[in-house]
Amino acid sequence: MPAPIVARRVADESDIVVTGSKIMRPAGRGDWNACTVNDPARSLARCRKLIDPAATGTAGLAAAHVADGLSRAWEGDADAAIAAFDQAIAIRPKLAIAYLNRGLAYQRQGDLDRAIDDLDRAVRYAPGAARGYYNRSLVLRQRGDLRRADADEARALDLDPRYQAVLE
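Note that the coordinates shown come from a computational prediction; the quantities given were computed from them, not determined experimentally.

### Brief notes about the packing of helix H3 (residues 96–109) against helix H4 (residues 112–125)
So, point 1. Where H3 contacts H4, the two axes come as close as 8 Å, and the packing angle between them is 160 degrees. Between H3 and H4, the angle falls in the class roughly antiparallel. Once H3 is placed against H4, the crossing between them reads as left-handed. Taking contact as the criterion, the partners of Ala96, Tyr99, Leu100, Arg102, Gly103, Tyr106 and Gln107 in H3 are, on H4, Leu112, Arg114, Ala115, Asp118, Leu119, Arg121, Ala122 and Tyr125.
So, point 2. Looking at side-chain class alone, the contact of H3 with H4 contains 9 nonpolar, 2 polar and 4 charged residues.

Put into structure tokens, the structure is as follows:
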């Protein structure tokens with residue numbers, strides 16, 4: 001099996017990367033934080049794969065609370081954002097995106113212990129999502145836990161090599 005081709009520049013939104021049998025469209029700069037309280041575009045439209053407030057039942061209700069939490073965080077109200085994420089988690093206790101965002105809201109408030117607890121849950125409930133490991137690595141680094149931060153960065157890269165662009 002030939003070695004994979006590794007791009008050495010940051011891909012732009014028009015690039016398409018072919019790796020083995022997969023065709024991946026790299027995320028644009030800032031997509032690393034899409035659908036999080038840190039999303040520079042502050043766009044709920046970019047969240048459709050993760051949350052759908054129009055879905056029926058508890059999935060839609062929990063998604064509506066996540067969307068509300070994101071909107072409140074983007075307006076600068078971390079307390080209201082956390083309350084909305086709490087409601088989403090009460091409805092769907094294993095909703096990784098709610099834990100991820102609540103953890104990032106706690107990080108914004110300077111509560112790194114609660115942030116790590118929530119990011120641990122986000123990783124537990126979505127172990128195949130690079131964004132959980134990536135964001136946890138940032139908080140771990142902020143706390144000074146470099147060994148775990150490095151391990152999370154490596155795991156994020158294993159899951160999605162495009163994270164190399166933001167880790168360099």
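### Here's the deal with the packing of aromatic side chains
So, point 1. According to the stated counting rule, one finds 2 aromatic pairs in the structure shown.
So, point 2. The interplanar angle of 40 degrees and the centroid separation of 5.7 Å between the aromatic rings of Tyr99 and Tyr125 together place this pair among those described as tilted. Placement of Tyr99 in helix H3 and of Tyr125 in helix H4 is noted, with a sequence separation of 26 residues between them.
So, point 3. What makes Tyr99 buried here is its relative accessible area of 6%.
So, point 4. For the ring pair Tyr134 and Tyr163, a centre distance of 5.1 Å and an interplane angle of 45 degrees mean the geometry is tilted. In this pair, Tyr134 is assigned in helix H5 (residues 130–143) and Tyr163 in the loop between helix H6 (146–159) and helix H7 (164–167), connecting sequence segments 29 residues apart.
So, point 5. On the basis of relative accessible area, Tyr134 is assigned to the buried category, the value being 9%.

What counts, and where the lines are drawn
Residues numbered from 1 in each chain as written. Predicted model: local features only at pLDDT ≥ 70, side-chain atom pairs only at ≥ 80, totals over all residues. Heavy atoms only, no water. Axes fitted to C-alpha atoms, helices over the stretch in contact; angles between N-to-C directions. Helix = DSSP H or I, 4+ residues; strand = E, 2+ residues; numbered from the N terminus. Parallel < 35°, antiparallel > 145°, perpendicular 65-115°, else oblique. Left-handed = near helix turned anticlockwise from the far one by under 90°. Contact = heavy atoms within 4.5 Å. Nonpolar A, V, L, I, M, F, W, Y, C, P; charged D, E, K, R; others polar. Phe/Tyr/Trp six-rings, centres within 6.5 Å; stacked < 30°, edge-to-face > 60°. Buried < 20%, exposed > 50% of the residue type's maximum accessible area, 1.4 Å probe, protein only.

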